[in-house]
Amino acid sequence: MKLTILFGGASFEHEISIVSAITIKEKLASFDLSFVFCDGDHKFYLIDAKKMKSTTFSAKEHKKMPELTLTTNGFAQKSLFGSKLHPNTVLNLIHGGDGEDGTIASLLDFFDIKYIGPRKEACTFSYDKRYTKYLCNAIGVKSVEYEVFHKNEAANLGLSMPVIVKPASLGSSIGVSIVKDESEFDYALDTAFEYDDAVLVEPFIEGVKEYNLAGYMVDDSIEFSIVEEPQKEEFLDFEKKYMDFSRSEQVSQAKIDEELTNKLKSSFEKVYRGMFEGSLIRCDFFVVKGEVLLNEINPIPGSMANYLFEDFEQVIRDLSSNLPDVKRVKVSYDYIDSIASAKGK
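Owing to the predicted nature of the structure, the values given are computational and were not obtained by experimental measurement. (Residues numbered from 1 in each chain as written. Predicted model: local features only at pLDDT ≥ 70, side-chain atom pairs only at ≥ 80, totals over all residues. Heavy atoms only, no water.)

(A) Quick look at the side chain of T56. Turning to its location among the elements, T56 is positioned in helix 2 (residues 54-58). Among residues more than four places away in sequence, those in contact with T56 are K51, E61, H62 and M65. (Helix = DSSP H or I, 4+ residues; strand = E, 2+ residues; numbered from the N terminus. Contact = heavy atoms within 4.5 Å.)

Structure, rendered in structure tokens:
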């Protein structure tokens, strides 16, 4: 199967996207893969598969490789004899801004390029944590209590300590702080405001049970991964999360009963249906006193959450065969001449 891996992007998670792409190369070894890198200047490069390693990018060797442009149905590579089209289905593996905020989804839709990944509407409700909360309220999925703070406004916290402070539109624990004393709160806000003008504050729940579940849709049915209970320290900072994005070994099924498993799957399905078709997402849940709370939606999870599936290559084949149909408006000029004539033009 032919597949183009699109990675990079101009975001704080640029390097994490590179790590994910290198990992996916390993996991899709039987595929005919091409690699398109989006650099920080929004230029696209066709990366030699043999050069898919960290030093290619840290040494800026990618700039010596063919530059591509977006065109109808794919990426185009200019040559002396015209241009060569790379029309493969694209796997959007750009984390954070560009990839998860809807920018790339809009571009791929505009140029009629088939892709695996969240559509622009799904990006809107998953990239900004405030909108994820609004989505939860609308579809009847419970989430963690929260307050929103904005830059240059008075910060009057109503929640009790300890709390967790996070930028509204970033992942990978960037700008995130755990605050256990009121004297640390303003500093934590300032740190988060370096990355975003809106900040979410939630209760930090000691000893909470956390479970991760991924899935995608095939023929109107959700295919679920195993449920993972991540073994974490109190808080995963950026460097620990960075390492987490290179995972490729399958993890073990969480030791939970069928009732809790069904609760997690039910919440996941409410989130997914009507919003995330065409993508593989991972939902991170908290369980507090038997109650399932959505913590976060990962619309493009690190390394595509390959470690949660037994046969990841089949997952990608299934997704490629079940992408949403794009309905185009047929443009016609049936009335423009008569309208112009009526106005004497």
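(B) The environment of D190, seen in detail. Structurally, the position occupied by D190 is in helix 6 (residues 185-193). Since its relative accessible area comes to 49%, D190 is described here as partly exposed. Residues D190 and K151, 39 residues apart in the sequence, show an inter-C-alpha distance of 8.6 Å. (Buried < 20%, exposed > 50% of the residue type's maximum accessible area, 1.4 Å probe, protein only.)

(C) Spatial organisation of the pairing of strand 14 (residues 221-228). The sheet contact formed by strand 13 (residues 209-218) and strand 14 spans six bridges and is antiparallel. Across the sheet, Y216 pairs through a bridge with E223, a residue of strand 14. From the end of strand 13 to the start of strand 14, which pair antiparallel, there are two residues, and D219 there has a positive phi angle of about 50 degrees. (Pairing = 2+ DSSP bridges.)

(D) Quick look at the packing of aromatic side chains. According to the stated counting rule, one finds twelve aromatic pairs in the structure shown. Ring geometry for F12 against Y195: centres 5.1 Å apart, planes inclined by 80 degrees, an arrangement best described as edge-to-face. Pair noted here: F12 is in the loop between strand 1 (2-8) and helix 1 (14-27) and Y195 is in the loop between helix 6 and strand 12 (198-203), with a separation of 183 residues, a long-range link. A ring pair is formed by Y131 and Y134, whose centres lie 5.7 Å apart and whose planes are at 45 degrees; its orientation type is tilted. Taken as a pair, Y131 and Y134 lie in helix 5 (residues 129-139) at a separation of three residues, close to a single helical turn. Residue class for Y131 comes out partly exposed when judged on its relative accessible area of 31%. For Y134, a relative accessible area of 39% gives the class partly exposed. An aromatic cluster is defined as three or more aromatic residues linked by ring pairs; in this entry it consists of F224, F268, Y272 and F276. Across from the ring centre of Y115, 3.8 Å away, lies the NZ or CZ of R119, which sits over that ring. (Phe/Tyr/Trp six-rings, centres within 6.5 Å; stacked < 30°, edge-to-face > 60°. Lys NZ or Arg CZ within 6 Å of the ring centre and 35° of its normal.)

(E) Spatial organisation of the environment of P162. For P162, the location among the structural elements is in the loop between strand 9 (147-150) and strand 10 (163-167). Sequence separation between P162 and D334 is 172 residues, and the spatial gap between their C-alpha atoms is 64 Å. Once you skip the residues sitting within four places of it in the chain, P162 turns out to touch V179, K180, P203, F204 and E206.

(F) A look at the pattern of salt bridges. Taken as a whole, this structure holds twelve salt bridges when the rule is applied. Across the pair K120 and E121 runs a salt bridge whose closest N-O atoms are separated by 3.7 Å. Residue E202 pairs with K133 through a salt bridge whose shortest N-O separation is 2.8 Å. In this pair, E202 is assigned in strand 12 and K133 in helix 5, connecting sequence segments 69 residues apart. Judged by relative accessible area, K133 falls into the buried class, the value being 4%. (Salt bridge = Lys/Arg side-chain N within 4 Å of Asp/Glu carboxyl O.)

(G) Local environment of the sheet that holds strand 7 (residues 90-92). Strand order in the open sheet formed by eight strands is 6-5-4-3-2-1-7-8, and the pairing between neighbours is mixed. In this open sheet, the two strands that pair with only one neighbour each are strand 6 (82-86) and strand 8 (115-116). Strand direction decides the pairing type here: strand 4 (residues 67-71) and strand 5 (residues 74-79), joined by four bridges, are antiparallel. The partner of L68 across the bridge, within strand 5, is Q77.

(H) Local environment of unusual backbone geometry. With an omega of 0 degrees, the peptide bond running from M161 to P162 counts as cis. For S303, which is not glycine, the phi dihedral falls at a positive 55 degrees. Within the secondary structure, S303 sits in the loop between strand 16 (291-298) and helix 9 (312-320). For M304, which is not a glycine, the phi torsion comes out positive at approximately 55 degrees. Among the structural elements, M304 can be located in the loop between strand 16 and helix 9.

(I) How the structure looks around helix 9. What helix 9 keeps buried is the set F312, E313, V315, I316, L319 and S320. Burial along helix 9 is one-sided: seen end-on, the buried residues are contained in an arc of 155 degrees. Those residues of helix 9 that are buried are in contact with strand 1, helix 1, strand 8 and strand 13. (Arc of directions from axis to C-beta.)

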